[in-house]
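Secondary and tertiary structure notes
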Amino acid sequence: QVQLVESGGGLVQPGGSLRLSCTVSGSRFSIYGMGWYRQAPGKQRELVAGISSGGSTNYADSVKGRFTISRDNAQNTVYLQMNSLKPEDTAVYYCTLGHAVWGQGTQVTVSS
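Quick look at the structure, then. These numbers were taken from a predicted model, which means no experiment stands behind them. Residue numbers here run from 1 along each chain, matching the order of that chain's written sequence. Given that the model is predicted, a residue must reach a pLDDT of at least 70 before its local features are reported, and side-chain atom pairs must reach 80 or more before they are shown or counted; all residues, however, enter totals for whole chains, interfaces and linings. Side-chain figures throughout are based on the complete set of non-hydrogen atoms in the structure, without hydrogens or water.

1. Structural notes on the sheet that holds strand S7 (residues 67-72)
Sheet architecture is open: four strands sit in the order S1-S3-S8-S7, paired in antiparallel fashion. What marks the edges here is a single partner per strand, and that holds for strand S1 (3-7) and S7. Between one strand axis and the next, the sheet turns by 15° as a mean value, whatever way the strands run. Here strand S3 (residues 18-25) runs beside strand S8 (residues 77-82); their pairing, made up of six bridges, is antiparallel. If DSSP finds at least two bridges between two strands, the strands pair. Helix and strand definitions here come from DSSP, where helices need a minimum of 4 consecutive H or I residues and strands a minimum of 2 consecutive E residues; each element is numbered from the N-terminal end. What counts as an axis is a line fitted to C-alpha atoms, over the stretch in contact for a helix, and the angles between N-to-C directions run from 0 to 180 degrees.

Pasting the structure below:
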């Protein structure tokens, strides 16, 4: 059974940083693209960043230059480094393996 476990969320002040982690078990992690999505209250889930099996990345315009997605295939883990956080980044963040399996989500709150 494939499982994704996210961690690293929390409360941070505007301008601060957080690093999210998503560790995958039960799957050949290295052959899949991975992604981070987020969902704010009352809004649809949206793509934040994606990374292919080969390491190519893509980002939502709203996070370009502030967020960085990376992967460590030896650790079966994908990361999302979030810098210069803004209140509008507040959401539940989810990781996905190939858009087929999703984690449980981790809350990120940006507030003073």
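2. Focus: unusual backbone geometry
A positive phi is found at serine 84, a non-glycine position, where the angle reads about 50°. Along the polypeptide, serine 84 turns up in the loop between S8 and strand S9 (91-97).

3. Brief notes about the nonpolar core
Think of a nonpolar core as a cluster: buried Ala, Val, Leu, Ile, Met, Phe, Trp, Tyr and Cys residues, connected wherever their side-chain atoms sit within 4.5 Å. Residue exposure (1.4 Å probe, protein chains only): buried if accessible area is under 20% of the type maximum, exposed if over 50%, otherwise partly exposed. In this structure, Met34, Trp36, Leu80, Met82 and Tyr93 are the most contacted members of the largest nonpolar core, which totals 27 residues. Within the residue set of this core, elements represented by two or more residues are S3, strand S4 (34-39), strand S5 (46-51), S7, S8, S9 and strand S11 (106-110). Any two residues having at least one pair of non-hydrogen atoms within 4.5 Å are treated as being in contact. Aside from chain neighbours lying at most four places away, what touches leucine 80 is Leu18, Arg19, Leu20, Trp36, Val48, Ala49, Phe67, Thr68, Ile69 and Tyr93.

4. What about the state of the cysteines?
Working definition: the covalent bond between the sulfur atoms of two cysteines is a disulfide. Pairs of cysteine sulfur atoms within 2.5 Å are identified as disulfides in what follows. Enumeration over the complete set of coordinates arrives at one disulfide. Each disulfide pairs two cysteine sulfurs, and for cysteine 22 the partner residue is cysteine 95, the sulfurs being separated by 1.9 Å. Taking the sign of the torsion about the S-S bond as the criterion, the disulfide between cysteine 22 and cysteine 95, at about 45°, is right-handed. Note that cysteine 22 is positioned in strand S3 and cysteine 95 in strand S9, a separation of 73 residues in sequence. The two residues cysteine 22 and cysteine 95 agree in class, both being buried.

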